[in-house]
Amino acid sequence: MNAILSKTPPRPAVRPLHQAAAPFPMNDRDFDALRQLVYEQCAIDIRPHKKQLMINRLTKRLRLLGLPSFTQYVDYLCNDRHREQELVHLIDAITTNKTDFFRESKHFSFLEEVAAPEIIRRAGRSERRLRIWSAACSSGEEPYSITICLNEMLQRHPGWSFEILASDISEAILQQAAGGIYDASKVAPIPMNLLRKYFLRGHNRFKIKPQAARSVNFQKINLKSDFHRSLSNMDAIFCRNVLIYFDRTTQADIIQKCWHVLRPGGYLFLGHSETLQGMKTDFHYRLPAVYQKGIHESNRR
Ligand SMILES: C[S@@+](CC[C@H](N)C(=O)[O-])C[C@H]1O[C@@H](n2cnc3c(N)ncnc32)[C@H](O)[C@@H]1O
């Protein structure tokens, strides 16, 4: 037998598992500095009990950059040359992207059966197009659920169309969303007839069909920043399961900005653990976590 082939191949140098996975330690000063940066950039308030989660998520990033400690990572972020680019990674590492198709399904039936038909009935406008904003769209399940709903509903309203703006602060998650590819387990909440109609099937994976994806435009928008003037005349805003990350002042500021972005009579959908109760706003309560801007409200305030 060939001597070389018969030799037992040398074992690769494998570090013990606990060593490979060991997160870097983070002192309180570094934690506070990172919290402060995250708060300034995206208004996400990282509570002290989230420190370990932050360490776990960022350790991978430090290894990738070849930085030996969080103190050096903070220095790296404070350097003007890296800050802008690195903040994207920092935010990607600390945001939670959990979402589902037709999450809080009552919102989608309300949109399809009440809100959208009402907007169409009332519309005295020449533009026969609904405009919806999914303001923290994560991996795309929310805007694609809206697409499916409105496609179905507008079959009963010929001449009408719709467009969806889907935004998030995380570039990585927006890229994933735009790809529109989901594991079989993720599409489980979609009824079979709609799955067949709106998705292409691959091996254990599903891709949103181009005709359905066409009405969704993805854009990076930080809800903490001032909203661009082009963000206007929306018929509905889905701003769900994102306000929970912000303190009350930032929440109130975002709600106020949403009010201005909506058309009179437009709807605001929040997550089920999010509420406007105790907040000074002009929205009218319609359903748990669903609010409406008055039909006769003017934007001049
Ligand atoms: C839990 S997901 C919610 C997804 C979806 N709206 C839902 O309810 O299923 C929260 C999303 O908010 C995004 N996010 C966090 N801070 C943000 C900010 N300042 N501006 C815009 N999006 C933000 C995160 O990147 C994440 O994708």
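If you're wondering where the values come from, they're calculated on a predicted model, not measured in any experiment.

**Q** Give me the lowdown on the overall build of the chain, citing residues and values where you can.
**A** The number of helices and strands found in the chain is 12 helices and 10 strands. Dimensions of the chain along its principal axes, counting C-alpha atoms only, are 80 × 55 × 30 Å. Across the 301 residues of the chain, 47% fall into the buried class. In the chain, of all internal contacts separated by at least 6 residues, the share reaching a separation of at least 24 is 72%. As displayed, the chain has an accessible area near 16600 Å², and 52% of this comes from carbon and sulfur atoms. Distance between charge centroids for the chain: 5 Å, based on 44 positive and 30 negative side chains.

**Q** Can you lay out the packing of helix H4 (residues 51-65) against helix H6 (residues 80-94) for me, pointing to particular residues and giving the numbers?
**A** Direction vectors running N to C along H4 and H6 enclose 145°, while the axes themselves pass 9 Å from each other. Along this stretch, H4 crosses H6, giving a crossing that reads as right-handed. Touching Met 54, Arg 57, Leu 58, Arg 61 and Leu 65 of H4 are Glu 86, His 89, Leu 90, Ala 93 and Ile 94, all from H6. Split into classes, the residues belonging to the contact of H4 with H6 amount to 6 nonpolar, 1 polar and 3 charged.

**Q** Mind laying out the packing of aromatic side chains, listing which residues take part and the relevant values?
**A** Given two aromatic rings, their pairing is described by the distance between the two centres and the angle made by the two planes. Going through the model one piece at a time under the given rule, you end up with 12 aromatic pairs. Look at Phe 110 and Phe 269: their rings are 6.3 Å apart centre to centre, the planes differ by 70°, and that puts the pair in the edge-to-face class. With a gap of 159 residues between them, Phe 110 in helix H7 (residues 105-122) and Phe 269 in strand E8 (residues 262-270) connect regions that are remote in the sequence. Take Phe 110 and Phe 269: they sit in the same class, and that class is buried. Residue classification places Phe 269 among the buried residues on the basis of a relative accessible area of 0%. Through a chain of ring-to-ring contacts, the aromatic side chains of Phe 102, Phe 108, Phe 110, Phe 238, Tyr 267 and Phe 269 assemble into a single cluster.

**Q** Run through the pairing of strand E2 (residues 161-168), naming residues and quoting values.
**A** Counting buried positions along E2 gives 6 out of 8 residues, so the element sits mostly inside the fold. Sheet topology places strand E1 (residues 129-134) next to E2; 6 bridges connect them, and they run parallel. By the bridge assignment, Ser 134 is partnered in E2 with Ala 166. In terms of handedness, the path from E1 via helix H8 (residues 141-154) over to E2 forms a crossover that is right-handed. Across 5 bridges, the pairing between E2 and strand E6 (residues 216-220) is parallel. Note on E6: the bridge partner recorded for Ile 164 is Val 216.

**Q** Go over the environment of Leu 130 with me, naming the residues and quoting the values.
**A** Checked against the element boundaries, Leu 130 lands in strand E1. Judged by its relative accessible area of 1%, Leu 130 falls in the buried class. Along the primary structure Leu 130 and Ser 161 are separated by 31 residues, whereas in three dimensions their C-alpha atoms are 6.3 Å apart.

**Q** Break down the sheet that holds strand E7 (residues 234-239) for me, with residues and values.
**A** Sheet strands pair by backbone hydrogen bonding; their relative direction is either parallel or antiparallel. Strand order in this open sheet of 7 strands is E6-E2-E1-E7-E8-E10-E9, and the pairing throughout is mixed. The open sheet has two edge strands, E6 and strand E9 (284-287), and neither has a second partner. Neighbour-to-neighbour, the strand axes of this sheet turn through a mean angle of 20°, independent of strand direction. Lying over the sheet, H7 contacts E1, E7, E8, E9 and strand E10 (290-292), oriented at roughly 180° with respect to E8. Sheet contacts for helix H9 (residues 171-179): E2 and E6; angle to E6, the most-contacted strand, approximately 170°.

**Q** I'd like a rundown of the environment of Asn 204, residues and numbers included.
**A** By secondary structure assignment, the location of Asn 204 is in the loop between strand E4 (199-201) and strand E5 (205-208). In this structure, the C-alpha to C-alpha distance between Asn 204 and Ser 185, residues 19 residues apart in sequence, is 8.8 Å. The residues touching Asn 204, leaving out its near neighbours within four places in the chain, are Tyr 182, Asp 183 and Ala 184.

**Q** Requested: an account of the domain arrangement of the chain, with residues and values cited.
**A** Taken domain by domain, the chain holds domain 1 (16-94) and domain 2 (105-292). For domain 1 and domain 2, the distance between their C-alpha centres works out to 31 Å. Taken residue by residue, the interface counts 11 residues in domain 1 and 12 residues in domain 2. Of the roughly 910 Å² buried between domain 1 and domain 2, counting both surfaces, carbon and sulfur atoms make up 52%. One can count 0 salt bridges joining domain 1 with domain 2. Taken together, the connections running from domain 1 to domain 2 amount to 5 residue pairs in polar contact (both at pLDDT 80 or more). Elements with a minimum of two residues in the side of domain 1 that touches domain 2: helix H3 (28-42) and H6. The biggest single contributor to the side of domain 1 that touches domain 2 is H3, with 4 residues.

Rules of the game
Residues numbered from 1 in each chain as written. Predicted model: local features only at pLDDT ≥ 70, side-chain atom pairs only at ≥ 80, totals over all residues. Heavy atoms only, no water. Helix = DSSP H or I, 4+ residues; strand = E, 2+ residues; numbered from the N terminus. Buried < 20%, exposed > 50% of the residue type's maximum accessible area, 1.4 Å probe, protein only. Contact = heavy atoms within 4.5 Å. Areas by Shrake-Rupley, 256 points an atom, 1.4 Å probe, with all protein chains shown as cover. Lys, Arg positive; Asp, Glu negative; His and termini not counted. Charge placed at Lys NZ, Arg CZ, Asp CG, Glu CD. Axes fitted to C-alpha atoms, helices over the stretch in contact; angles between N-to-C directions. Left-handed = near helix turned anticlockwise from the far one by under 90°. Nonpolar A, V, L, I, M, F, W, Y, C, P; charged D, E, K, R; others polar. Phe/Tyr/Trp six-rings, centres within 6.5 Å; stacked < 30°, edge-to-face > 60°. Pairing = 2+ DSSP bridges. Right-handed = clockwise from strand over helix to strand, strands pointing away. Domains from an automatic or database assignment. Buried area = accessible area lost by both parts, 1.4 Å probe. Salt bridge = Lys/Arg side-chain N within 4 Å of Asp/Glu carboxyl O. Polar contact = N/O pair within 3.5 Å; in protein donor to acceptor, adjacent residues only side chain to side chain.

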